[in-house]
Amino acid sequence: MQQTNEWIFIGIFFAICWVFPAAPVIMAQLLQPKRPNKVKQETYECGIETIGPSWVQFKVQYYMYALVFLVFDIETVFLFPFAVAFNQVTLFAVFELVVFILLLGVALVYAWRKGALEWA
Amino acid sequence: MIDFLVSQGWSKDVATGVALLLGVIAVSSFGLVWVIFGIWLERKFAGRVQDRLGPNRTGPFGLFQTFADLGKLLTKEDITPEGADKFIFNFAPLLSVVAVILIWAVVPFSKEWIGADVNVGVLYFTAVGSLGTLSILLAGWGSNNKYALLGAFRVIAALISYEVPMILSILIPVILAGTMSMQGIVEAQHIWYVFIVPVTAVMFFTSSLAEIGRSPFDLIEAESEIVAGFNIEYSGMKFGMFFAAEFLHAFTISVLTAILFFGGWRGIGASVAGAGGDALGFVWLFIKSVGLYLLVMLIRNTVPRIRIDHMMSLNWKILVPLSLVNLIMVAILAKVFQPDYAGQFQIAANATGLGALLYQFFGVNIVAELPRAIALLIANLLLWVVVSAVLHRFAILDRRRVQDWVEPATVAGEHTASAPAPGR
């Protein structure tokens, strides 16, 4: 089927396009000087010695953004089939879509008022 | 091409495989050749905007500058920090480049030249583009460096946030065209979508600029602020890969904006069947993409960097509500004014005199779409005016609030010690 042919193309593309970044990196490995010493390989922290472990605690605000993003991402997943079938649906279905989006708008307003969207 | 190989005696499957392979190499080479030329263009342009010449020593007009940079990066020592997660540290730059190149598989270069015309092209490039976001997190985590990790967290928060208005504005061309395939969207643009839904085009362009970490949203890798963020510990060619990926991504979104909103390969003479029409379509797409890329460079060189909390507020408090309202508006109007192609063809067949001339000049498809186009355009412009007025009002109120905090109105003009400022 024609569609299968398309995805085979993408499969071959995926297999081959790893060559494009890998080739310069491997060439660099062959051409570069290798003189590791202890000071060069220290972790960078503005020139001073590192204080404490590197894997610092995750601020919870990032998690809030991820949660709100997740809600809207699921919404768009539902919106995609509607958008593709748009020409075949009736006006009543479009109003149902509007209700759906308004419900999510209410979710956004709730998150906004509760302070989930602040960077502090 | 497959027929040619089959007639030479090859089996059909092998011929198909070889044809696909050559197609893959052709498509990906275009992106890579652009990287070499485009870096030069970018540096020359930035130089001119900043009242200097840009590279002009390496080769005529500095054209070989990219090769010089390539040579330099190849011979730099690749320092891996101690304690770094070896596999993740080495894998992240590769993934970063692969994520961008994979998008080129679905770009329609002309009526016949397209890598893979999958019927979910739009969904494909959204999904694949997000792989680049993952590579940033891998880079930050694998570097064993606090700055890299914190930088990566900020970046991920910003990048995933800007996916929402991007996807919501991509939905508009999908609604108008009725299909998710990229070739389908280009072929449905008898009137370019930028003239029908300009607000959506601007929103898509802005969110894409934020997605690729370009100015004015380039605090992702702000060299002067967070010391290059997630790619602090990268040197040599691995850093070169991040750089090339970001750069190619900028051109890729210009191409995508051209396809989704500016009619892709459409132009005078591009719909003619045959190799001539195909080449012309390719040229049209190239012209539009380079024009949009010039806009990207112009924005980069003129607009100052935005702070991270402003960036997030811009997304969640302005772009997301705007895109939701835009979607509702476009959905209702596009259904009310749905073009009736079959009916128009019938009317065109029976038209006489001035009507026939009209149909001849514009084509039946454009005349069929005209009512919807005009309605959507008026609605979009109204939306723009309303949003600008609301933002203006809000800016005035906010400025007054800040002024009251900085210089509180005092009785008899004495300077009193003011209380700690309310949290912003």
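Computed from a predicted model, the values in this text were never measured in an experiment. Residue positions are given per chain, counted from 1 along the sequence in the order it is written. Throughout, the order in which chains and ligands are written sets their labels, letters from A for the former and numbers from 1 for the latter. Residues qualify for local features only when their pLDDT is at least 70, as the model is predicted, and side-chain atom pairs are given and counted only at 80 or more; totals for whole chains, interfaces and linings, by contrast, use all residues.

Student: Mind laying out the overall build of chain A, listing which residues take part and the relevant values?
Tutor: On a plain count of helices and strands, chain A comes out with four helices and zero strands. The N-to-C order of helical and strand elements in chain A reads α-α-α-α. Put simply, a residue is buried when 20 or more other C-beta atoms lie within 10 Å of its own C-beta and exposed when 12 or fewer do; between those, it is partly exposed, and each C-beta is set from the backbone. Counting only residues that meet the buried cut, chain A has 16% of its 120 residues in that class. Helix and strand definitions here come from DSSP, where helices need a minimum of 4 consecutive H or I residues and strands a minimum of 2 consecutive E residues; each element is numbered from the N-terminal end.

Student: Residue-level account of the overall build of chain B, with values.
Tutor: Looking only at helices and strands, chain B has 15 helices and zero strands in total. In chain B, which comprises 424 residues, the proportion classed as buried is 45%. Residue pairs are scored as contacts if the distance between their C-beta atoms, which are placed from the backbone, is within 7 Å. The contacts in chain B between residues at least 6 apart in sequence include a share of 75% that link residues at least 24 apart.

Student: Describe unusual backbone geometry, naming the residues involved and giving the relevant values.
Tutor: Residue and element names in this part refer to chain B. For aspartate 51, which is not glycine, the phi dihedral falls at a positive 65 degrees. Structurally, aspartate 51 is set in the loop between α2 (12–49) and α3 (65–74). The class for aspartate 51 is exposed, based on 6 C-beta atoms found within 10 Å. The phi angle at phenylalanine 61 is positive, at roughly 55 degrees, despite the residue not being glycine. Mapped onto the elements, phenylalanine 61 comes out in the loop between α2 and α3.

Student: A description of the nonpolar core should follow, citing residues and the corresponding values.
Tutor: Residue and element names in this part refer to chain B. For this entry, the nonpolar core is defined as buried Ala, Val, Leu, Ile, Met, Phe, Trp, Tyr and Cys residues connected by C-beta atoms within 7 Å. Counting residues in hydrophobic clusters, the biggest one holds 128 residues, and the most contacted among them are Leu102, Ala152, Leu171, Val174, Ile175, Ile259 and Val330. Top contributing element to this core by residue count: helix α6 (residues 146–177), with 23 residues. An automatic or database domain assignment supplies the start and end points of every domain. Built from parts of two domains, this core gets at least three residues from each of domain 1 (1–75) and domain 2 (82–325).

Student: Please give an account of the domain arrangement of chain B that cites residues and values.
Tutor: All names here are of chain B. Each assigned domain of chain B is listed here: domain 1 (1–75), domain 2 (82–325) and domain 3 (337–403). For domain 1 and domain 2, the distance between their C-alpha centroids amounts to 19 Å. Taken together, the contact pairs 14 residues of domain 1 with 13 residues of domain 2. Where the side of domain 1 that touches domain 2 is concerned, the elements lending two or more residues are α2 and α3.

Student: Explain helix α2 (residues 19–31) of chain A residue by residue, including any values.
Tutor: In a helix, the anticipated span is given by 1.5 Å times the number of residues less one. Between the first and last C-alpha of α2(A) there are 18 Å, a value that for 13 residues agrees with the 18 Å anticipated at 1.5 Å per step. Tucked into the core, α2(A) has its buried residues touching α3, α4 (86–103) and α10 (236–261) of chain B.

Student: Can you lay out the interface of chain B and chain A for me, pointing to particular residues and giving the numbers?
Tutor: One frequently used descriptor of interface size is the decrease in accessible area upon assembly of the parts. Opposite the 70 residues of chain B that make contact, chain A presents 57 residues. Residue assignment for the side of chain B that touches chain A shows that the elements contributing at least two residues are α2, α4, α6, α10 and α12 (308–336) of chain B. Its residues placed into classes, the side of chain B that touches chain A shows 43 nonpolar, 15 polar and 12 charged. All residues other than Ala, Val, Leu, Ile, Met, Phe, Trp, Tyr, Cys, Pro, Asp, Glu, Lys and Arg, Gly among them, are scored as polar; the first ten of these are nonpolar and the last four charged.

Student: So what about the packing of helix α9 (residues 198–211) of chain B against α10(B)? Which residues, and what values?
Tutor: All names here are of chain B. The angle between two axes is taken between their N-to-C directions and runs from 0 to 180 degrees, where each axis is a line fitted to C-alpha atoms and a helix contributes only its stretch in contact. Where α9 contacts α10, the axes come no closer than 10 Å and their chain directions differ by 165 degrees. Taken together, the axes of α9 and α10 are roughly antiparallel relative to one another. For the pair α9 and α10, the sense of crossing is right-handed. Across the interface between the two elements, Ala201, Phe204, Phe205 and Ser208 of α9 pack against Ile253, Thr257, Leu260 and Phe261 of α10. The residue makeup of the contact of α9 with α10, split by class, is six nonpolar, two polar and no charged. Roughly parallel refers to an angle under 35 degrees, roughly antiparallel to one over 145, roughly perpendicular to one between 65 and 115, and oblique to any angle outside these ranges. Take the far helix as the reference: if the near one is turned anticlockwise from it by less than a right angle, the crossing is left-handed, and if turned clockwise, right-handed.

Student: Account for the confidence of the model for chain B, naming residues and giving values.
Tutor: As a per-residue measure, pLDDT reflects the predictor's confidence and takes values from 0 up to 100. Considering every residue of chain B, the mean pLDDT works out to 82; 87% of them sit at 70 or more. Both scores are available for the predicted complex, with the pTM at 0.88 and the ipTM at 0.88.

Student: Quick rundown of the packing of helix α3 (residues 60–84) of chain A against α6(B)? Include the residues and the values.
Tutor: Where α3(A) contacts α6(B), the two axes come as close as 10 Å, and the packing angle between them is 15 degrees. Relative to α6(B), α3(A) is oriented roughly parallel. The way α3(A) lies across α6(B) gives a crossing that is left-handed. Mapping the contact onto sequence places A:Tyr62, A:Tyr65, A:Ala66, A:Phe69, A:Phe72, A:Thr76, A:Leu79, A:Ala83 and A:Val84 in α3(A) and B:Phe153, B:Ala157, B:Ile160, B:Ser161, B:Glu163, B:Val164, B:Ile167, B:Leu168, B:Leu171, B:Val174 and B:Ile175 in α6(B). Residue classes in the contact of α3(A) with α6(B) are distributed as 17 nonpolar, two polar and one charged.

Student: Describe in detail the environment of B:Ser29, supporting the description with residues and values.
Tutor: Residue and element names in this part refer to chain B. As for its placement among the helices and strands, serine 29 is situated in helix α2. Residue class for serine 29 comes out exposed when judged on the 12 C-beta atoms lying within 10 Å of it. As for serine 29 and tryptophan 104, which are separated by 75 residues in sequence, their C-alpha atoms are 10.0 Å apart.

Student: Can you lay out the environment of B:Thr66 for me, pointing to particular residues and giving the numbers?
Tutor: Residue and element names in this part refer to chain B. Secondary-structure assignment places threonine 66 in helix α3. For threonine 66, a count of 20 C-beta atoms within 10 Å gives the class buried. Expressed as a C-alpha distance, the spacing of threonine 66 and isoleucine 39, which sit 27 residues apart in the sequence, is 6.6 Å. Ignoring anything within four residues of it in the chain, the contact list for threonine 66 reads Ile36, Ile39 and Trp40.

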